[in-house]
Amino acid sequence: MIDPGSFKLWNSTAMAAHLSYLDPDELIVEGEGVRVRDAGGRWFLDARSGFWNVTLGYRHPALVAAVREQVERLSYGSMWGYGRPTGIAVECAAALASRLPEGIEHIRFQSNGAQAVETAALLSRHVRLLEGQPHKNTVVSMWGGFHGFGPGASALTGLPYLHYHAGPLLPEVIHVPGPHAPGGEEAFASILGDYGPERISAVVVEPVIGEGGHVLGRDYLHRLAAFCREHDIHLVVDEVTTGMGRVGAYTRCEQLGLTPDLLLLGKGLTSGYAGVSAVCLSERIYRTLYDAPLERFFAAGSTHDGHPVALGAALAVLDVLADGEVFANVAEQGKRLHTGLQEIAARHPSVTAVRGTGLMYAVEFAEAAAQDPWFVNKVRLAAEDRGVLVAVLNAVPALMVIPPLVVEQGDVDEICAALDGALSALADGWSPPDPAKGFV
Ligand SMILES: Cc1ncc(COP(=O)(O)O)c(C=O)c1O
């Protein structure tokens, strides 16, 4: 066991819950394809894609080569100011914009998803200031949605348990129920109508809510877009998880024929080979910024934004996605996974719902978790015992099955067999030595 007193790393949310169980043999040390290996030599199928981001798998030859080449050619270049942007940033922005819905024409690179979300909120307000509408500054998001951590992103995240961790967050943020909540189909328009659309700068939504796999319908999103257009509200679509292939296309917006004012990408943009995110701007927003007087600049950014090595990885990802084979695989294997999970639900009464699209599915255990708060983690641990890593969702009693987009039929069957076996074992009374192990 690792000694908590001498352990220098502190990144985990609940360290005590980990260190008491952490065995040095369990550290992850290598990855290959859709699998990772621990120091003890055991390989696992990574059905959580790292942190939902390793879309093209580990040790992908094209990505490894692109990162290696870029680190040798230019290991850093600043995005601050445009006196001399890096060549690769200009190249990558053009390549990315060409894959996004028409009307999304300009790209701002940042470092991570939360920062992209915060930038979108601040950028929307900045545009209002430029327009002479300083009171149109409220940003609205959905209860149950997740947009990352940090004073802005946590505020927009609609999970109350995350709102009280560090004191006051970004002000002038409100939440409304999503269409999956009872009566939620009409809530957005009616609550926003009551609140006063003239005070609302932007609405931020995930097209598929990761915390629970709720797929927002085409009609709902188009009605929301129309409401936003009618009331001059910026529609921000957070595709940090759904973007870059996860739903079987570059974006969910593309699948739904939706053009937001701001579209946010992260995670799969580099398949996790390095950190970068993108705030993608509509022509309309861009024009306002472009036409603004020089002294009214948008002061936001960070040292490693648009890091050339990350952009090297992003260009390689775009290259791999270009022939559409990965998207076709998402459609085919996603269907197989969905069917497999539904069959599991039919066999195991503990499963109360299976929701999702593409290659992202939540498996919910509402009743079992109400009786046993560790139930979901126990399923995860039982699946891990069977060689498959899945994610636990904290806000809803569910697991997320979100494998790399390059899974093959045998991998999908392996994931389903592991979950099936895990649920049977739990029904037969099996319990892990400590059900709290690694619960966050
Ligand atoms: C929809 C969505 N937005 C934003 C984020 C935050 O991204 P990051 O973890 O890169 O800050 C996440 C991360 O899980 C996400 O799923």
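Residues numbered from 1 in each chain as written. Predicted model: local features only at pLDDT ≥ 70, side-chain atom pairs only at ≥ 80, totals over all residues. Heavy atoms only, no water.

- Turning to the protein chain, the UniProt annotation filed under Sequence similarities (unreviewed entry) states: "Belongs to the class-III pyridoxal-phosphate-dependent aminotransferase family." (UniProt positions renumbered as here; feature names shortened; annotations may be inferred.)

### Details of unusual backbone geometry
- The backbone of R59 sits at a positive phi, close to 50 degrees, despite the residue not being glycine.
- Assignment of secondary structure puts R59 in the loop between α2 (49-52) and α3 (61-73).
- Among the residues examined, R59 registers a relative accessible area of 42% and is labelled partly exposed.
- The backbone of S271 sits at a positive phi, close to 55 degrees, despite the residue not being glycine.
- Inspection of the secondary structure assignment puts S271 in the loop between β11 (262-265) and β12 (277-282). (Helix = DSSP H or I, 4+ residues; strand = E, 2+ residues; numbered from the N terminus. Buried < 20%, exposed > 50% of the residue type's maximum accessible area, 1.4 Å probe, protein only.)

### Digging into the domain arrangement of the protein chain
- Here the protein chain is described as being made up of domain 1 (14-46 + 325-427) and domain 2 (63-321).
- The C-alpha centroid of domain 2 is placed 28 Å from the C-alpha centroid of domain 1.
- With 18 residues of domain 1 at the interface, the matching set in domain 2 holds 20 residues.
- Of the roughly 1,600 Å² buried between domain 1 and domain 2 on both sides combined, carbon and sulfur atoms contribute 68%. (Domains from an automatic or database assignment. Contact = heavy atoms within 4.5 Å. Buried area = accessible area lost by both parts, 1.4 Å probe.)

### Brief notes about the pattern of salt bridges
- Taken as a whole and judged by the stated rule, the model has 19 salt bridges.
- In this structure, R37 engages E30 in a salt bridge whose closest nitrogen and oxygen atoms are separated by 2.7 Å.
- In this structure R37 comes out as partly exposed when scored by relative accessible area, which is 22%.
- Residue classification places E30 among the partly exposed residues on the basis of a relative accessible area of 24%.
- Close ionic contact of E384 with R380 constitutes a salt bridge, the shortest N to O distance being 2.9 Å. One end of the pair, E384, and the other, R380, are both in helix α14 (residues 375-385), four residues apart, so they sit about a helical turn from each other.
- What makes R380 buried here is its relative accessible area of 7%.
- The network of salt bridges with common partners includes R128, E131, D232, D261 and R284. (Salt bridge = Lys/Arg side-chain N within 4 Å of Asp/Glu carboxyl O.)

### Structural notes on the packing of α3 against helix α11 (residues 308-321)
- Axis separation between α3 and α11 bottoms out at 8 Å; the angle between their running directions is 150 degrees. In terms of crossing hand, the pair formed by α3 and α11 is right-handed. In this structure, α3 uses A62, L63, A66, V67, Q70 and V71 to contact α11, whose residues at the interface are P308, V309, G312, A313, A316, V317 and V320.
- When the residues that make up the contact of α3 with α11 are grouped by side-chain class, the tally is 11 nonpolar, two polar and no charged. (Axes fitted to C-alpha atoms, helices over the stretch in contact; angles between N-to-C directions. Left-handed = near helix turned anticlockwise from the far one by under 90°. Nonpolar A, V, L, I, M, F, W, Y, C, P; charged D, E, K, R; others polar.)

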